[in-house]
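Structural description and commentary
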Amino acid sequence: QKEVEQNSGPLSVPEGAIASLNCTYSDRGSQSFFWYRQYSGKSPELIMSIYSNGDKEDGRFTAQLNKASQYVSLLIRDSQPSDSATYLCAACPGGGNKLTFGTGTQLKVEL
Amino acid sequence: DTEVTQTPKHLVMGMTNKKSLKCEQHMGHRAMYWYKQKAKKPPELMFVYSYEKLSINESVPSRFSPECPNSSLLNLHLHALQPEDSALYLCASSQASSLGYEQFFGPGTRLTVL
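The present account deals with the structure reproduced in this document. (Residues numbered from 1 in each chain as written. Chains lettered and ligands numbered in written order. Predicted model: local features only at pLDDT ≥ 70, side-chain atom pairs only at ≥ 80, totals over all residues. Heavy atoms only, no water.)

1. Let's talk about the overall build of chain A
Counting secondary structure elements, chain A contains zero helices and 11 strands. Reading chain A from its N terminus to its C terminus gives the helix and strand order β-β-β-β-β-β-β-β-β-β-β. Taken over C-alpha atoms, the radius of gyration comes to 13 Å for chain A, in line with the 13 Å a tight globule of 111 residues would show. Principal-axis analysis of the C-alpha atoms places the extent of chain A at approximately 40 × 30 × 20 Å. The burial tally for chain A puts 46% of its 111 residues in the buried class. In chain A, the share of contacts with a sequence separation of at least 24, taken over all contacts with a separation of at least 6, comes to 55%. (Helix = DSSP H or I, 4+ residues; strand = E, 2+ residues; numbered from the N terminus. Rg over C-alpha atoms; globule rule 2.2 N^0.38 Å. Buried < 20%, exposed > 50% of the residue type's maximum accessible area, 1.4 Å probe, protein only. Contact = heavy atoms within 4.5 Å.)

2. A few points about the nonpolar core
Counting 44 residues, the largest nonpolar core has Tyr36(A), Trp34(B), Tyr35(B), Phe64(B), Leu76(B) and Leu78(B) as the members making the most contacts within it. Per element, the largest residue contribution to this core is six residues, and it comes from strand E9 (residues 87-94) of chain B. Within the second largest apolar cluster, 23 residues are counted, among which are Phe33(A), Trp35(A), Tyr87(A) and Leu107(A). (Core = buried A, V, L, I, M, F, W, Y, C linked by side-chain atoms within 4.5 Å.)

3. A closer look at the pattern of salt bridges
Following the criterion strictly, the structure yields seven salt bridges over all chains and no others. Notably, a salt bridge pairs Glu45(A) with Arg37(A), separated by 2.9 Å at the nearest N-O pair. On the accessibility criterion, Glu45(A) (36% relative accessible area) is partly exposed. Judged by relative accessible area, Arg37(A) falls into the buried class, the value being 13%. Sharing partners across several salt bridges, the network here consists of Lys36(B), Arg63(B) and Asp85(B). (Salt bridge = Lys/Arg side-chain N within 4 Å of Asp/Glu carboxyl O.)

Shape is all these values report; function is a separate question.
Written out as C-alpha cells, the structure reads:
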C-alpha cells in the first residue's frame, strides 16, 4: 500500500510564529509533491508544488523535499489566523496522474 | 485563470432520484477527475478522464456514471444512491507537464441523499 502520512494534529501555533507541517511517503517512485490548504466546508486549494530536492519558497510558504528520507514539509512564516485550516500533503508517482493524499494536518493559529 | 466551476453547489435527492453533477474548466487541461470527500477525510479518487477517455475507475459502484462530453466538461450521473453516498463531490483538472500533474479543484457539490 503506497501511503502518505501526516500527523492529524491539531497543531497550534501563536500568531506570527512559524508553523511546520510534515509529511512522509512510502512510494520511492513518487516524483511530484503538493500541498493543499482546505478550509472547513470548502474545497482543497493548491498552495505549493515541489519536484526537486531542496527548498522552494513562495511568499510566506516554503516547501522542503528530501527524497532520500522520503520526507516533505511545509513551513508557514508569520502565521496568521487566516492560515487556520487543514493542510493536505499529496504525492504523485512519476508519469502518472493519480494523487495519493495524506489524511491532513489541522493547523490552528491562535491570537 | 485557475478556475474549475461546479454546479449545483448543493443537491438533496432521494434514493430513487436521478440527478447529474456538472463540472467545467477553461484552462485547456486534458485530464479531469471526480473525487468524493467525507468529513475529516482526504479526497477519495473516483474517476479520471484523460483526453476525454476514461482512464481510471477506482471500482466505483455503477450508481455513479461519469461522462466527458468534451475536453472542458465533465458530468457525474447519479442514480439510486444510498444515504452513505452523502458527501462533498469534487471535480479537478490538470495538465500534464514537466512540472507534474498539478490538480486544481472546483468548489464542490455538497450532496445529501435522503
